[in-house]
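Report on the structure
Chain residues, written in single-letter form:
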Amino acid sequence: MSNNNKIEINAISDENPLDYKTLNEVIHRALSQGKTKIVLNNVCGQRFIGASLQGNIELIINGLPGNDLGIFMDGPRIVVNGNCEDQAGNTMNDGTIIIHGDCGDVIGLSARGGKIYVKKDVGYRVGIHIKEYEHKHPVLIIGGTAKDFLGEYMAGGIIIVLGLKINDDGSVEESNHPICGNELGTGIHRGKILLRTDENLEENLGIGAKLFEITESELKQIDPLLDEYCDAFSIPRELIDRKPFKVVKPISKRPFGGNYCGQIV
Amino acid sequence: MSSLTHKIPSYFKVKIDQDLCKKCKRCTTHCSYGVLSFNGEKIVSDDDKCVACNRCVAMCPGKAIRIIENDSYLPPHGNYTRRIRNIIWRQSGDGGVLLSATGNDRPIRVIFDDLLLDACQVTNPSIDPLRETIETKIFFGRKPQKLEFNYNIETPDDISLKTDFSPNFEIDMPIMIGHMSLGSISYNAVMAIYQAVKELNILAGSGEGGLHKDFYEYGPNIITEIASGRFGVDINYLQNAAGIEIKIGQGAKPGHGGHLPGEKVNSLISQTRMIPKGSDALSPYPHHDIYSIEDLAQLIAALKEATRYKVPIGVKIAAVHNSAPIAVGIARGGADFISIDGFRGGTGAAPRIIRDHAGIPIELAIAAVDERLRQENLRDQITLVAGGSVRYSADLIKAIALGADVCMVGMPVLIAMGCRVCQQCFRGLCSWGIATQQEYLVRRLDIDVARNRIINLFHSWNEELKEVLGAMGIDSVESLRSNRDRLRYIGPNPRIAEILGVKHAGE
Ligand code: SF4
Ligand code: SF4
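Residues numbered from 1 in each chain as written. Chains lettered and ligands numbered in written order. Predicted model: local features only at pLDDT ≥ 70, side-chain atom pairs only at ≥ 80, totals over all residues. Heavy atoms only, no water.

As for the interface of chain B and chain A
For the record, the criterion: Two residues form a contact once any of their heavy atoms are found within 4.5 Å. Buried area is calculated as the accessible area (1.4 Å probe) missing from two parts once they are joined, with the contributions of both summed. Put simply, a salt bridge is a Lys or Arg side-chain nitrogen that is within 4 Å of an Asp or Glu carboxyl oxygen. Under the rule applied, a polar contact is a pair of N or O atoms within 3.5 Å (in protein, one hydrogen donor and one hydrogen acceptor; residues adjacent in sequence only if both atoms are side-chain atoms).
On the side of chain A, 46 residues touch chain B, which itself brings 58 residues to the contact. Across the chain B to chain A interface the summed buried area is about 4,400 Å²; carbon plus sulfur atoms make up 56%. The three residues of chain B that bury the most area against chain A are L282, H288 and Q298 of chain B, which together make up 14% of that side's buried surface. Counting every contact that joins chain B to chain A gives one salt bridge. Between R308 of chain B and E25 of chain A there is a salt bridge, with its nearest N and O atoms 2.8 Å apart. On inspection of chain B and its partner chain A, the count reaches 15 residue pairs in polar contact (both at pLDDT 80 or more).

Quick notes on the nonpolar core
All names here are of chain B. Note the following rule: In this text, buried Ala, Val, Leu, Ile, Met, Phe, Trp, Tyr and Cys residues form a nonpolar core when linked through side-chain atoms within 4.5 Å. Using a 1.4 Å probe on the protein chains alone, a residue whose accessible area is under 20% of its type maximum counts as buried, one over 50% counts as exposed, and one in between counts as partly exposed. Domain start and stop positions are those given by an automatic or database domain assignment.
Of all hydrophobic cores here, the largest spans 150 residues; its most connected members are I193, M417, I434 and F458. Two domains each provide a minimum of three residues to this core, namely domain 1 (3-96) and domain 2 (168-478). The residues touching F458, leaving out its near neighbours within four places in the chain, are M173, I175, I177, L200, I202, V409 and V413.

As for helix 3 (residues 82-94) of chain B
Residues and elements named next belong to chain B. What counts here: Put simply, DSSP marks the helices as runs of H or I at least four residues long and the strands as runs of E at least two long, and each gets a number from the N terminus on. Between the first and last residue of a helix there are one fewer steps than residues, each counted as 1.5 Å, and that sum is the expected span.
Over its 13 residues, helix 3 extends 18 Å from the first C-alpha to the last, a length consistent with the 18 Å expected when each residue adds 1.5 Å. Looking only at helix 3, the buried set comprises R82, R85, N86, I87 and G93. The elements touched by buried residues of helix 3 are strand 5 (97-100) and helix 9 (352-357). Once helix 3 ends, the next one or two residues include G95, with phi positive near 70 degrees.

Remarks on the site of ligand 1
Rules: Near, as used in this document, describes a residue that has one of its heavy atoms within 4 Å of the molecule or strand being considered. Ten residues, namely Ala, Val, Leu, Ile, Met, Phe, Trp, Tyr, Cys and Pro, are considered nonpolar, four, namely Asp, Glu, Lys and Arg, are considered charged, and the remaining ones, Gly among them, are considered polar.
Around ligand 1, the structure places 13 residues, and the nearest of them are C31, C50, C53, N54 and C56 of chain B. Broken down by class, the residue content of the shell around ligand 1 amounts to eleven nonpolar, one polar and one charged.

What about a nonpolar patch on the surface?
To be explicit about the condition: Each patch is assembled from residues with relative accessible area greater than 30% and no salt bridge, linking like charges that lie within 9 Å and nonpolar side chains (Val, Leu, Ile, Met, Phe, Trp, Tyr) that lie within 5 Å. Values of accessible area rely on a 1.4 Å probe in the Shrake-Rupley scheme; residue burial ignores everything except the protein chains shown.
Where nonpolar side chains cluster on the molecular surface, the patch consists of L147, F149, Y151, I153, I159, L161 and F165 of chain B and spans about 750 Å² of accessible area. Take L161 of chain B: it is sitting in strand 9 (residues 160-161).

Here's the deal with the packing of aromatic side chains
Spelled out, the test is: Within 6.5 Å between ring centres, the rings of Phe, Tyr and Trp (the latter by its six-membered ring) count as paired, and their orientation is classed by plane angle as stacked under 30 degrees, edge-to-face over 60, tilted in between.
If you walk through the whole model with that rule in mind, you get ten aromatic pairs over all chains. Ring geometry for Y20 of chain A versus F48 of chain A: centroids 4.9 Å apart, planes at 85 degrees, classification edge-to-face. Of this pair, Y20 of chain A sits in helix 1 (residues 20-32) while F48 of chain A sits in the loop between strand 4 (37-44) and strand 5 (58-64), placing them 28 residues apart in sequence. According to the relative accessible area criterion, F48 of chain A is buried, its value standing at 1%. Ring geometry for Y11 of chain B versus F12 of chain B: centroids 5.8 Å apart, planes at 40 degrees, classification tilted. Across the pair, F12 of chain B and Y11 of chain B agree in class, each one buried.

Concerning the packing of helix 4 (residues 187-200) of chain B against helix 14 (residues 447-472) of chain B
All names here are of chain B. For clarity, the cut-off: Between N-to-C directions, angles cover 0 to 180 degrees, with each direction set by a line fitted to C-alpha atoms, over the stretch in contact for helices. Each angle is binned into one of four classes, with values under 35 degrees roughly parallel, values over 145 roughly antiparallel, values of 65 to 115 roughly perpendicular, and all other values oblique. What makes a crossing left-handed is the near helix being turned counterclockwise from the far one by less than a right angle; a clockwise turn instead makes it right-handed.
Close contact between helix 4 and helix 14 brings their axes to 8 Å; oriented N to C, the two are set at 45 degrees. The orientation of helix 4 with respect to helix 14, classified from their angle, is oblique. As for the relative orientation of helix 4 and helix 14, their crossing is right-handed in sense. Residues N188, M191, A192, I193, Q195, A196, E199 and L200 of helix 4 touch helix 14, and the partners they reach there are I447, D448, A450, R451, I454, I455 and F458. Split by residue class, the contact of helix 4 with helix 14 holds ten nonpolar, two polar and three charged.

As for a negative patch on the surface
All names here are of chain B. Put simply, the rule is: When charges are counted, Lys and Arg are positive and Asp and Glu negative, with His and the chain ends excluded. Every charge is mapped onto a representative atom, which is NZ of Lys, CZ of Arg, CG of Asp or CD of Glu.
The grouping of E132, E135, D172, D475 and E478 at the surface amounts to a negative patch. By the secondary structure assignment, D172 is in the loop between strand 10 (168-171) and strand 11 (175-177). The partly exposed category is assigned to D172, whose relative accessible area is 34%.

Overview of the sheet that holds strand 6 (residues 115-117) of chain B
Residue and element names in this part refer to chain B. Condition: When DSSP finds two or more bridges between two strands, those strands count as paired.
The sheet built from three strands is open, its strands ordered 6-22-23 with mixed pairing. Each edge of the open sheet is held by one strand with a lone partner, namely strand 6 and strand 23 (503-504). Direction of pairing for strand 22 (residues 487-489) relative to strand 23: parallel, over a ladder of two bridges. What sits directly across from R488, in strand 23, is K503.

Here's the deal with the site of ligand 2
All names here are of chain B. This is how it is decided: Whether a set of points on the 1 Å grid over the protein atoms alone is a cavity depends on a 1.4 Å probe fitting there but being unable to get out, while an open set qualifies as a pocket with protein on both sides within 12 Å along at least five of seven lines; lining residues are those with an atom within 4 Å of a point. Throughout, a molecule is located in a cavity or pocket provided that more than half of its atoms lie within 2 Å of its grid points.
Around ligand 2 sit T102, C419, R420, V421, C422, Q423, Q424, C425, C430, W432, I434 and A435, and that is every residue in its neighbourhood. In this structure the site holding ligand 2 corresponds to the largest cavity. A class-by-class count of the residues in the shell around ligand 2 yields eight nonpolar, three polar and one charged.

A few points about the pairing of strand 6 (residues 74-81) of chain A
Residues and elements named next belong to chain A. The pairing of strand 5 with strand 6 spans five bridges and is classified as parallel. Residue pairing across strands places I61 opposite V80, the latter belonging to strand 6. Inspection of the sheet shows strand 6 paired to strand 7 (residues 94-99) by five bridges, in the parallel sense. Its bridge partner being in strand 7, R77 is matched across the sheet by T96.

Here is the structure:
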């Protein structure tokens, strides 16, 4: 990518953060000038960065992006050098979001495609209602741990939680937090959640979710994803292979099918 | 739950006049509920399955069929009516939550029917709508509270507008066909609706079903819906619409999510909703990015960002006890329009307990919301859309006089297309090709005929609206809006008149 296509934008002007509307307007202007790599410096809480952007473009965010990073996004790659607030990748259709830090709640809400890689821990209801369609299978990989309601209503795609503590100096150790909270995969009716743990998670499961041992084909399926994840954060792959994965899958594609009945008038 | 059968007396009986019957067996193919069959000698019926959809009656070339109520007497009881007994029999048989469709069918008094319209006599002249212009168009979207100008007394020629305008568009009648998704109704029904609204330059809602690409060309007349399942929501869905509505609730099922059973997710529905074939499409009960007015404001802002501030963004709520303060929060949260759906609002599938018992009448909700927005100085900024059983033009006119800018209309559109209000939409077997995805049934609905019937219906509503406006001496529907002095109440409960802000007849 030549430097002509790159632009740096300061999200602070005269010591005041630009409001989200202005910042997004600046991004749109840069894109309309043909820029394909946009570096945003000093980002501090501005929402909706990258909203509904399309195509082969890259956003590098230095700072802390606000809620709804990459909402409705369809294709671009976003790299956050820092932590990230809630709802990154909300209803995303395609693209990649890489977060070099912790993330808030409801990450990847209703995403239909694309990849979200988080280096550290995430909050509640992450991966809720992510769904697959034809060739689209959203992928969410969390290096650290997750809280309650992980993968709620999940309708496709894959969530992987590694349970590691990846430090900023590049060193990696096992996290001492529980790998996930309660209501794990509650209402899941497609897709799967893989958790790297040897703990028994039976007690954590939500309604409609069931625990399985990982199969050979599933290991094969996640292999390239894990390689890509390790690449993104420059961590050695061998570490991950030291612990087995447990898999959460739906009991049925129709978890609540029997709950209703009809009536004539 | 295990299904325990219990012989329930049928609601209807199919009477076949064997003298008139030509034994053509046409009725047996037309009945999609499996009631009629030919036993080698004559047509026989399994009355338990009949839903009185009247398809067989309409299709019988010999006019040999009549559907009658089962007149076999149940022991009478004023409290345990046939309806209540039937509910108990069903539930003790199936053990499930009862589903239902269309809107609340309990015989609860309709407030619209207790309102009378004013007309001019002597002191203010009426207008002849056939010879003078009476305006029924509406500008849809947020209006500025006031206009500000850049003006300097030193250079008086240098004057420019300072106020930012929000996006607005024009529709020719204060009518929007309510949200009915492809899935809840058929491709042909949706196509007929979209063609009609384009022709009439009014609006239709997409429902939470995505927008099939065949429908993109009707986008300028479609309000797309963002519901909790986010089905079919992508950039095309957002950018091909006249406006976008965040659906929080629906009058027929306030507080409830959605559940499209997997067997209805065929390839057409799968493509449009962007979900795999055969999977249940579950819409979570709340939006999980909205737990507060602040969160709602955030999604409104996100949608404005995503559409680059080109289209109005609104929010739909069901009419519930505290609609008025919620509506204020929505308006302050940046919505350009607010839609309110009353407790009689329609549905393709809803738990009967919620359809029949939750929410409040739209008349009261319109008045309460209009009044509260007025007190907060917000009313003139936003477009208020109201629905939830606007049955005919009289209801439309009264709803506007109570405070609505635009009315959502659903069931009358279906009835115009042939629906007989059998309340079976959730079963997907609609014999009229409306609430079904089965190809052989969908084919029964002729798009051109259905479209023209919708066009005729709203043309006549609009003419009737003009007649009433003329009789009131009002030359624009915008001047009828919130004009409650032109209404009088004749019902039994003066408290209702008080809440509506309407005087009693004679006052
Ligand atoms: S076509 Fe309709 S009315 Fe006729 S028998 Fe079948 S269900 Fe009953
Ligand atoms: S749309 Fe069809 S199934 Fe639904 S009420 Fe009308 S006729 Fe019955």
